[in-house]
Amino acid sequence: MARLQIAPTKSNLIAVKEQLSIAQDGYDLLEQKREILVMELMQMVERVKLLETDIERQIERAYPSLRRMFMAVGRDRAERVAGTVSYDFLFEERRVTVAGMQFPGLAVTLPEPRLAYSYLNSYADCDRVTMDFFDLLKMLTEMASIRTIVWRLAREVKKTQRRVNALDKQVIPQTRETRHYIEAVLEERERENVFVLKSLKARNGGNQR
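Below you will find a few notes about this structure. All of these numbers come straight from a predicted model, not from anything done at the bench.

**Structural notes on helix H1 (residues 10-73)**
Over its 64 residues, H1 runs 90 Å from end to end, which matches the ideal 94 Å to within 8%, given 1.5 Å per residue. The first or second residue beyond H1 is glycine 74, which carries a positive phi of 90°.

Structure (structure tokens):
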């Protein structure tokens with residue numbers, strides 16, 4: 001690992017030691033953050049898996065209900081009934097806190113289903129379809145919200161991992177190598193100074209005799 005190109009002085013040695021200490025502390029903190037993020041991500045992934053299972057089960061209920069309704073009332077009447085139904089959905093941005101960090105999300109407020117088809121001579125099958133697909137819609141909106149958080153959380157894990165790798169593979173080794181180099185140069189200078197002083201003392205002692 002190539003060292004930093006700085007002069008081997010005592011002041012630079014102090015500065016490099018401080019940089020190394022900060023880098024090591026930063027590495028420890030980022031590693032802890034990465035572990036927490038990974039744990040949160042795994043939990044969110046498990047929630048997605050469970051919700052996917054619930055969605056599949058709801059689909060298995062909803063679409064057969066739709067087929068039964070078509071068989072009971074006919075496609076034309078079902079389309080007329082559908083044409084009389086109108087719902088307003090409320091979308092709003094929300095902040096979701098995960099692992100101490102906030103992620104932007106989207107909250108969807110679903111209206112209450114209105115089961116008022118009797119005047120069109122519809123059947124209970126229409127009401128059943130409405131309820132089944134409302135439940136499915138709730139699950140799908142929840143899935144969209146969770147998947148958005150999972151995607152952002154995974155991106156944050158990846159970004160944190162890059163920082164951890166940069167500190168572990170480059171910054172810390174390079175700074176440590178620089179510290180060793182400066183310490184070696186200063187020690188060599190100290191030995192040279194001691195040798196020069198001893199030589200001067202020996203010379204002065206000989207001159208006095």
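**Some remarks on the pattern of salt bridges**
Under the defined criterion, the tally for this structure stands at 10 salt bridges. Here lysine 17 and glutamate 183 are joined by a salt bridge, their closest N and O atoms 3.9 Å apart. With lysine 17 in helix H1 and glutamate 183 in helix H3 (residues 124-208), this pair connects stretches of sequence that are 166 residues apart. Exposure remark for lysine 17: the relative accessible area of 41% places this residue in the partly exposed category. For glutamate 183, a relative accessible area of 24% puts it in the partly exposed group. Bridged by salt links that share partners, the residues Lys17, Arg179 and Glu183 form one connected network.

**Regarding the packing of H1 against helix H2 (residues 75-83)**
Contact pair H1 / H2: the axes reach a minimum separation of 7 Å and the direction vectors enclose 110°. In terms of their interaxial angle, H1 and H2 are classed as roughly perpendicular. Contacts between H1 and H2 involve Met69, Phe70 and Val73 on the former and, on the latter, Arg75, Arg77 and Ala78. Broken down by class, the residue content of the contact of H1 with H2 amounts to 4 nonpolar, no polar and 2 charged.

Quick notes on the rules
- Residues numbered from 1 in each chain as written.
- Predicted model: local features only at pLDDT ≥ 70, side-chain atom pairs only at ≥ 80, totals over all residues.
- Heavy atoms only, no water.
- Helix = DSSP H or I, 4+ residues; strand = E, 2+ residues; numbered from the N terminus.
- Expected span 1.5 Å × (residues − 1).
- Salt bridge = Lys/Arg side-chain N within 4 Å of Asp/Glu carboxyl O.
- Buried < 20%, exposed > 50% of the residue type's maximum accessible area, 1.4 Å probe, protein only.
- Axes fitted to C-alpha atoms, helices over the stretch in contact; angles between N-to-C directions.
- Parallel < 35°, antiparallel > 145°, perpendicular 65-115°, else oblique.
- Contact = heavy atoms within 4.5 Å.
- Nonpolar A, V, L, I, M, F, W, Y, C, P; charged D, E, K, R; others polar.

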